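Per-entry structural report
Residues per chain are reported as follows:
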Amino acid sequence: MSNRGEQLEMKKRQLVTIKGTKNGLSLHLNDICSYEELLRDIQLKLNESSTLHNEKRDIKVTVELGNRYVTEEQKEEIKQLIEEKQNLTVQLINSNLVTKKEAENWLEKTEVKSITSIVRSGQILQVPGDLLLIGDVNPGGKVIAGGNIYIMGQLKGIAHAGYDGDDRAVVAASIMKPTQLRISKYIDRDVKENPSKTSSQMECAYVKGEAIKIDRLQVLPHLRPNIANLGGGN
Amino acid sequence: MGEAIVITSGKGGVGKTTTSANIGTALALQGKKVCLVDTDIGLRNLDVVMGLENRIIYDLVDVVEERCKIHQALVKDKRFDDMLYLLPAAQTSDKTAVRPNQMRELVLRLKQEYDYIIIDCPAGIEQGYKNAVAGADRAIVVTTPEVSSVRDADRVIGLLEKEENIAPPMLVINRIRNHMVKSGDMLDIDEVTSHLSIDLLGIVADDDAVIKASNNGEPIALNPNNKSALAYRNIARRILGETVPLQHLEEESKGVFAKIKTFFGAR
């Protein structure tokens, strides 16, 4: 009986489950026990897995934290603990949780910020996600967005979409007469030579090949269907 | 309690000082007690345009540094029977001699005694500009119909809109040359106002008589027969809250024949 009890005790203490996948190992960590217990068990588990010691190749490890919240320091601690085994490298730490701050950053990057204002000479308007500007950008003014830029008004200054390196970002404006257009790392200074400049219709700018192209606004749904998050009219 | 109005432009040479002198003059002619304040320390001009240079004893910096009382530094314009005064700038110091909070306090004291304080701002957007706008309640932006001038006006309007204590700025378009506007070589009034999108307070045509009057130390607004004088008087009336239609710029220098044609309704 005492033997049986010991086994049960062992079962209960299964805080770390190791699974092999084709991309390496995946470590599922219990998310209810205390952090210290968890660390102890990781160490124990890695030491007793004899197969790991025989393996010569580098093994990539994915850590699954479940619903446990760990700080950046603790993440680093877990990573170091696992990587003490010479052939293990942690490539990813997954968690079901995000902090409020991370969530807010994430929201900011994905939301469309709408602003009613005139961006005048010398002023810079910058948003992390998409920008909807209701007003003009005057010459000498600048709008910058991590995502797309939509301007209901005249774009006569500088617009820089996809600031963080998003090549798929677009700039759309009711009246497109920019001093300069930038999308990701591409810069277009010859906007004035564009033949469609004289047209009075709304236009959009996007990266095609290695250059910025300006076209009718109507081409946008075909080029960037991902911009819409609601289906069009039936 | 009076009202302080700063006259600014960003760009130099567009007519801030002339506008200040003439708006001040026109307001005084309307029966308001006016004090002109020149904040262009080191490059003062307002006293010259007003013809009061020879009567300066103390200046703005003397007042701020408490070497004299305010009323000792104020120069009275005898043409206006106690209605118009000038606080001249110092010519020997520079813009850093005064700080914005000192200006704010000074303007506040002047507002107790005067209906309107007209503050002539130096060109630029540095220390001198900051001093000039510090005590202001309203702002008038002067521009000429030139691209560079409009660009700088746009910059200044952007800065003024950030000032919490100043009402939305109003625009004066100065030195309009009608023949150039007609030929398309100069921006027209609509282009300027739609670009800057602020309320238009007045327009002043380019006029040799304005330069002549400034050289003589007599603001043009004193001359009742001049067209530009009328423009400045209209601006003053609009500041006082009256509704005055914009002047027509077209009528100038028509030949006798054209006048007859107009008379018979053929244009």
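Just above, that's the structure.
The paragraphs below set out a description of the structure included in this document. (Residues numbered from 1 in each chain as written. Chains lettered and ligands numbered in written order. Predicted model: local features only at pLDDT ≥ 70, side-chain atom pairs only at ≥ 80, totals over all residues. Heavy atoms only, no water.)

**A closer look at the nonpolar core**
Residues and elements named next belong to chain B. Counting residues in hydrophobic clusters, the biggest one holds 48 residues, and the most contacted among them are Val37, Leu87, Leu110 and Ile119. Tallying contributions element by element places helix α7 (residues 147-162) first for this core, with 5 residues. In contact with Val37, other than residues within four places in its own chain, are Leu46, Leu60, Leu87, Met103, Leu110, Ile117, Ile118, Ile119 and Asp120. Counting residues in each nonpolar core, the second largest holds 37 residues, with Ala21, Ile23, Val34 and Ala236 among its members. (Core = buried A, V, L, I, M, F, W, Y, C linked by side-chain atoms within 4.5 Å. Buried < 20%, exposed > 50% of the residue type's maximum accessible area, 1.4 Å probe, protein only. Helix = DSSP H or I, 4+ residues; strand = E, 2+ residues; numbered from the N terminus. Contact = heavy atoms within 4.5 Å.)

**Remarks on helix α2 (residues 35-48) of chain A**
All names here are of chain A. Its 14 residues give α2 an end-to-end C-alpha distance of 20 Å, which sits within 8% of 20 Å, the value for a rise of 1.5 Å per residue. Of all the residues in α2, the buried ones are Tyr35, Leu38, Leu39, Asp41, Ile42, Lys45 and Leu46. The buried residues of α2 occupy an angular sector of 165 degrees when projected down its axis, which confines them to one face. Opposite its buried face, α2 presents the exposed residues Glu36, Arg40, Leu44 and Glu48, each directed more than 90 degrees away. (Expected span 1.5 Å × (residues − 1). Arc of directions from axis to C-beta.)

**Things to note about the interface of chain A and chain B**
Listed as interface residues are 8 residues of chain A and, on the opposing side, 11 residues of chain B. When chain A packs against chain B, the two sides together hide about 850 Å² of surface, and 37% of this comes from carbon and sulfur. Inspection of the region where chain A meets chain B yields 2 salt bridges. Between Glu161(B) and Arg120(A) there is a salt bridge, and its shortest N-O distance comes to 3.2 Å. Joining chain A to chain B, the criterion identifies 8 residue pairs in polar contact (both at pLDDT 80 or more). Split into classes, the residues belonging to the side of chain A that touches chain B amount to 2 nonpolar, 4 polar and 2 charged. (Buried area = accessible area lost by both parts, 1.4 Å probe. Salt bridge = Lys/Arg side-chain N within 4 Å of Asp/Glu carboxyl O. Polar contact = N/O pair within 3.5 Å; in protein donor to acceptor, adjacent residues only side chain to side chain. Nonpolar A, V, L, I, M, F, W, Y, C, P; charged D, E, K, R; others polar.)

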